[in-house]
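Residue-level structural notes
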Amino acid sequence: MRPKVIISIPIILWIVGGAFGQETGYDIMKNALNRTTIQSMEADLKLILQTGTGDTREREIKFYSKTDPGTDLTKMLMRFVYPQDVRGTGFLTLEYADRPDDRFLYMPALRRIKKIASSGSGGNFMSSDFTYYDIGTPELADWTYALLREESFDGIDAYVIEATPGTSQVREDTGYSKIIHWVAKDDLRIYHSEYFDQSGELKKRLNVEKFERVNGFPFATEMVMHDVIIDHTSRMIFENLEVNNPIPDSFFTPRMLQRGL
Amino acid sequence: MMRKLLVMLMLLLCAGVSRLRADVHFQGFLKSFAGVNTHQLTSSERLYSHLQMQISGRTGDRIGYRADLIGRYNYRIKDRTEALALYPAELYVDYYGNWLDVRVGQQYLFWGRADWINPTDVFIPWDYANMSSDIEDYRIPIPALKLSIFPTSGHWEVIYTPRLVPNEIPTPLIASVTDSSLGKSQYGLRYANDLSRVGWSVYAYRGWRKYPEVRPFLQSLDFPYSELTMLGGDFIFPGEKWAIKGEGVINFSSDRQGDDPLVDNDNIHGVLGVDWIPGQDFSLNIQIIVRHYLNLDPEAERQAIQDLADPRIAPTTITATNYSFSKLIRYNLTNFINLQSVAVFNMADEDWFWLSFLNWEIADATHLTMGALLFDGPPGSDFGNSADADQVFLQLKTAF
């Protein structure tokens, strides 16, 4: 299993359909995942974390990613902008075909770059309710897809697709026993998902609240993940999104990570 | 007084420039710290407020700069002019070339991949009188020239510092160290490769120990700083939920024959540890630390110290090989509260220290920290000497 890194987050939601004659969940997902065309991305990302009691914290991150179209390997660099006490903290991930990702963390308070464990794909992204797996692009072969039904949900005609792990390793790495996606029939965008933990209990609900047209495609720019077990919510908002701008490979290096904002 | 006025002027200049230039960034933090000695609960050991302001920016793609200026008011000093200390932390200019980065000025220099205990971390001193959660408190930046060279793979670091700055040690005996021991250069060279499966570095250093030797001299004590040559290396092998890392050096001291009881013998110093990160909310680091002295005759050194017959220099446990253990735990109790705990235990003297604190993010960029710093061990041992310095503390810090 090879989970993709953070910056492919909207890719899974950037489900672009043309021929809507699919009859199986696998066909729909295959069509969607094979239509992605993002090779680089820059954006400002805002995370709003909220507890069940209404206590909120904000995080603002500037991020950059680049995917090699030949190998499909991604490099990603991320810098904290807000809050001020962590401003300048940087995070670099480099994917490889034949070994685990390299991950580097730059902590300006310590003036050091540390090469760190990759923490697995089930770890939470920036202490939010999104895991690295949630915001990455799954390998199609890692999951088995079944079209459960077609229904109108939130006023949108949708396919309801159940994704189950293809192997016990996928199940263990992601922490999910299944994921159910609501996929809009008109443009195959995923606008709602429900995640079930290893015991089969509903753990999280994802609602995409805003799509924007980027290069002619619908792009999820605001989404909310609600952990129903601990009653904690994370809102993720993309701003100033730019795709397919040229970013040199030398940008995704520990040297640039340390250079800071 | 003149120095304080100059620093104040710099602060005002920084603030003014930051408002004029969009590519200049201005940030900082304000914190108040209260520490109480657990053996004297009625009086505060440390009580101060600390304002730190940082200005940083760039001129084009090639030049960067940074200045950190600190104002600290110590409430335990009655005289208000004496209570206020103003001093710079980092002050440097960067040049970014195609294959060369240069940093000139007062700066922090860190080497090593282990946690807390880094045998290769030899350039900058510690401020043991000022331990806290902020590096600006317990490490001392020094004037230096650092060249970072980036060939096609890996990178080189070449460091030169024109003077030795020793550790700050909270002992009245050491307080009388004079500047005559300064004015000594340090040189260092490092090659690192972080992009291989196993990240690794090799090091070479020529300079000085940061601890003085306590040497009887007529009716007083002299505190010379002895020469040190270090060759070392480190590595990290990361996995998905763990990382194995190690760091080791051979230190060549000025006592190559091992016959001076007041100077460390040549020694091998190594750290081997593992990070374990089972989930987002918990991480554990444990390390074993070994120091082995070469050419050491413990009985002869002990006898030589006794022959000095100076009550100010007490013989301590002398063993050829010393083992220590350290652990570092981070645990997120809730979304906005985490616990951190660090401890070191020395096997030879059975002395230890333990630092633990709760950190509560009470609002964006504002943290309340409360914790304890405890020492114990037999008299004469590293941590046993600080057994009376146990402390509980509370800190409120907000960044802007």
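This section reports on the structure supplied with the text. (Residues numbered from 1 in each chain as written. Chains lettered and ligands numbered in written order. Predicted model: local features only at pLDDT ≥ 70, side-chain atom pairs only at ≥ 80, totals over all residues. Heavy atoms only, no water.)

1. Quick look at the interface of chain B and chain A
As a reminder, the rule being used: It only takes one pair of heavy atoms within 4.5 Å for two residues to be counted as in contact. Basic side-chain nitrogens of Lys or Arg form a salt bridge, by our definition, when they fall within 4 Å of a carboxyl oxygen of Asp or Glu. In the analysis that follows, any N or O atom pair within 3.5 Å is treated as a polar contact, provided that within protein one partner can donate a hydrogen and the other can accept it, and provided that, for residues neighboring in sequence, both atoms belong to side chains. Secondary structure elements are defined from DSSP: runs of H or I of at least 4 residues count as helices, runs of E of at least 2 residues count as strands, and each element is numbered from the N terminus. Residues are grouped as follows: nonpolar covers Ala, Val, Leu, Ile, Met, Phe, Trp, Tyr, Cys and Pro; charged covers Asp, Glu, Lys and Arg; every other residue, Gly included, is treated as polar.
Across the contact, 48 residues belong to chain B and 37 residues belong to chain A. Inspection of the chain B/chain A interface yields 8 salt bridges. The interface formed by chain B and chain A holds 20 residue pairs in polar contact (both at pLDDT 80 or more) in total. Put simply, the parts of the chain that give the side of chain B that touches chain A at least two residues each are β1 (24-37), β3 (63-74), β4 (84-96), β5 (100-107), α3 (135-138), β12 (227-238), β13 (242-253) and β18 (351-363) of chain B. Taken together, the residues that form the side of chain B that touches chain A break down as 21 nonpolar, 12 polar and 15 charged.

2. A few points about unusual backbone geometry
Of the consecutive residues Y82 of chain A and P83 of chain A, the connecting peptide bond is found in the cis state with omega at 0°. Mapped onto the fold, P83 of chain A is located in the loop between β3 (74-82) and β4 (90-94). Positive phi values are uncommon outside glycine, yet E350 of chain B reaches one of about 55°. Examined against the element boundaries, E350 of chain B turns out to sit in the loop between β17 (337-346) and β18.

3. Details of the packing of aromatic side chains
To keep things clear, this is the line we draw: Stacked, edge-to-face and tilted are the three classes for Phe, Tyr and Trp ring pairs, Trp counted by its six-membered ring, which pair at centre distances within 6.5 Å; planes under 30 degrees apart are stacked, over 60 edge-to-face, the rest tilted. In this analysis the charged atom, NZ for Lys or CZ for Arg, is taken to sit over a ring once it is within 6 Å of the ring centre and within 35 degrees of the ring normal.
Per the stated rule, a full pass over the model turns up 28 aromatic pairs over all chains. In this structure an aromatic cluster arises from ring pairing among W116, W126, Y128, Y138, F353, F375 and F383 of chain B. Of note, K185 of chain A hangs over the ring of Y159 of chain A, and the distance from its end group to the ring centre comes to 5.5 Å. In this structure, R189 of chain A packs its charged tip against the face of F211 of chain A, placed 5.3 Å from the ring centre.

4. Some remarks on the pattern of salt bridges
So the rule is basically this: Burial here depends on accessible area, computed with a 1.4 Å probe over protein chains only, as a share of the maximum for the residue type. Under 20% is buried, over 50% is exposed, and the range in between is partly exposed.
Taken as a whole, this structure holds 40 salt bridges over all chains when the rule is applied. Notably, a salt bridge pairs R57 of chain A with E361 of chain B, separated by 4.0 Å at the nearest N-O pair. Note that R57 of chain A is positioned in strand β2 (residues 56-67) and E361 of chain B in strand β18, a pairing that runs across two chains. As far as burial versus exposure is concerned, R57 of chain A and E361 of chain B are alike and both buried. Measuring nitrogen to oxygen at the nearest pair gives 2.8 Å for the salt bridge that ties R149 of chain A to E151 of chain A. One salt-bridge network, in which partners are shared between bridges, spans R111 of chain A together with R66, D68, E90 and E136 of chain B.

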